[in-house]
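# Close look at the chain arrangement
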Amino acid sequence: MSFIKFLGTAGARFVVMKQLRASGGVWLSVGKTNLYIDPGPGALVRCLNSKPKLDPSTLNGILLTHKHIDHSGDVNVMIEAMTEGGFKKRGVLFAPGDALEEDPVVLKYVRGYVEKVEVLKENSDYQIGEIPFSTAQKHLHRVETYGLNFKISPHTLSWITDTKFFPELPHLYRGGLLIIHVVRFNPIGYDPVDHLSVEDAKHIIKESKPRLTILTHFGMTMVKAKPWVVAANLEKELGTKVIAASDGMKLELEEVK
Ligand SMILES: [Zn+2]
C-alpha cells in the first residue's frame, strides 16, 4: 500500500510558533520505500505518536524542499532517528545546496550518518528506492526552493511547496494528485517570504487540472478561514475535487479514484 501521511499542516511563522497546527511535514510511502519530506519542528514526536506508529528507522530518505525552519527544524534529529543514532549508516538526504553550504541547517556531524547526500538542483531527476521524482525550476522564495514531481503509481503526484506565484508555475506541476502549499487566504498584505494565496491556488488548479488537489501548509489567515471551507468552495467553483489536509490525515493512494 502506498500512502501520504500529513504529520503537520502548519505553514509560516505564527501557526508554527503557536502550534495552532502541527509542523511535522509529510511521510510518503510507496511500496516498501519511505521518504520523509520537510521534517519541521515536531516531526520526530509526530512520527512516534502517530497511530499506527511511523518508525523513522524504516526511512530510506529525508528530503528538504528548502531550508526554512518550518520545513527543516527536525532534520538533524530525524537523520539520527533514521540511522539509529548514527550507528547504522542508512538512507539518502536530499536538500538544496544552500541548506548544506550557506548558513546550513543540516549539521556536519550528522551528514556522515547517511549513505548519501544528494544536492537538489532545478529540472533534475532523482530516485529513492521505488520513488522516482524530479525537481522543476527554482521557486521564487528567498532561499533555494524546489517543488517536486513524483512519477509514482497509481497516481503521479505533484508538490508545489512554498513559492510566490509565477506564470509558468501551473505548467510545471501536472500530476494526477496535486499538493499545494496555500499559506495565505488573501493575496494582498505584507508577506515577507512570498507565498501562494487561495486565488493563486485557483489559477493553478484550473490550468493544471489534477484529479485531486490537497491544500496544506496553512498560515494564520487560512486557519481563520477554515481550510476545509476554503477547499469545499474551490471544489464547488472549479468542479474538481479539492480537499484540505488536516494533522494526521492519511491518504491511501490506491483508494483515490
Ligand atoms: Zn518557506
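Note on numbering: residues in each chain are counted from 1, in written sequence order. In keeping with the model being predicted, local features are shown solely for residues with a pLDDT of at least 70 and side-chain atom pairs are shown and tallied solely at 80 or more, while totals for entire chains, interfaces and linings include all residues. For side-chain calculations, the full set of non-hydrogen atoms in the structure is used, while hydrogens and water are omitted.

### Some details on helix H8 (residues 198–208)
Those residues of H8 not exposed but buried are Val198, Asp200, Ala201, Lys202, Ile204, Ile205 and Ser208. Phi turns positive one or two residues past the end of H8, at Lys209, with a value near 50°. Only protein chains enter the accessibility calculation, which uses a 1.4 Å probe; a residue whose area is less than 20% of its type maximum is buried, one above 50% is exposed, and one in between is partly exposed. We count a stretch as a helix when DSSP gives it H or I for four or more residues in a row; a strand needs E for two or more, and each element gets its number in order from the N terminus.

### A look at the coordination of the zinc ion
With distances of 2.2 to 2.4 Å, the protein atoms coordinating the zinc ion are His66 (NE2), His68 (ND1), His141 (NE2) and Asp162 (OD). Each metal's donors are the N, O and S atoms found within 2.8 Å of it, except that Na, K and Ca use a 3.2 Å limit; water is left out, so coordination can look incomplete. Only four donors with every angle between 85 and 135 degrees are called tetrahedral; only four or six donors with opposite donors over 155 degrees apart and all others between 65 and 115 are called square planar or octahedral, in that order; all others are irregular. Each of the four donor atoms around the zinc ion contributes to a set of angles spanning 88 to 175°, which defines the coordination as irregular. Donor residues for the zinc ion sit on one chain with the sequence pattern H-x1-H-x72-H-x20-D. Highlighted residues: His141 in the loop between strand S8 (131–135) and strand S9 (148–150) and Asp162 in the loop between strand S10 (157–160) and helix H7 (169–172), separated in sequence by 21 residues. When sorted by exposure, His141 lands in the same class as Asp162, which is buried.

### Quick notes on the packing of H8 against helix H10 (residues 227–238)
An axis is simply a line fitted to the C-alpha atoms; with a helix, the fit covers only the stretch in contact. Between two such axes, the angle follows the N-to-C directions and lies from 0 to 180 degrees. Contact geometry of H8 with H10 gives a least axis separation of 11 Å together with a crossing angle of 40°. Here H8 lies oblique to H10, going by the angle between them. For H8 against H10, the interelement crossing comes out right-handed. Contact residues: H8 offers Val198, Lys202, Ile205 and Lys206, while H10 offers Val230, Leu234, Glu237 and Leu238. Throughout, the ten residues Ala, Val, Leu, Ile, Met, Phe, Trp, Tyr, Cys and Pro are labelled nonpolar, Asp, Glu, Lys and Arg are labelled charged, and all others, Gly among them, are labelled polar. Grouping the constituent residues of the contact of H8 with H10 by class yields five nonpolar, no polar and three charged. Our angle categories are set so that under 35 degrees counts as roughly parallel, over 145 as roughly antiparallel, 65 to 115 as roughly perpendicular, and the remainder as oblique. Crossing handedness is defined as follows: a turn of the near helix away from the far one that is anticlockwise and smaller than a right angle gives a left-handed crossing, while the clockwise case is right-handed. Residue contacts are counted whenever heavy atoms from the two residues lie within 4.5 Å of one another.

### What about the sheet that holds strand S5 (residues 92–96)?
Pairing between two strands requires that DSSP report at least two bridges joining them. Taking strand neighbours across the sheet as the criterion, the seven strands line up as S6-S5-S4-S3-S2-S1-S15 in an open arrangement whose pairing is mixed. Lying at the two open borders of the sheet, with one neighbouring strand each, are strand S6 (116–120) and strand S15 (250–252). The sheet shows a mean angle of 15° between the axes of neighbouring strands, direction not considered. Taken together, the five bridges between strand S2 (residues 23–30) and strand S3 (residues 33–37) define a ladder with antiparallel strand orientation. Bridge pairing links Val30 to Thr33 in S3. Running at roughly 170° to strand S4 (residues 61–63), helix H4 (residues 75–82) makes contact with S3, S4 and S5 of the sheet.

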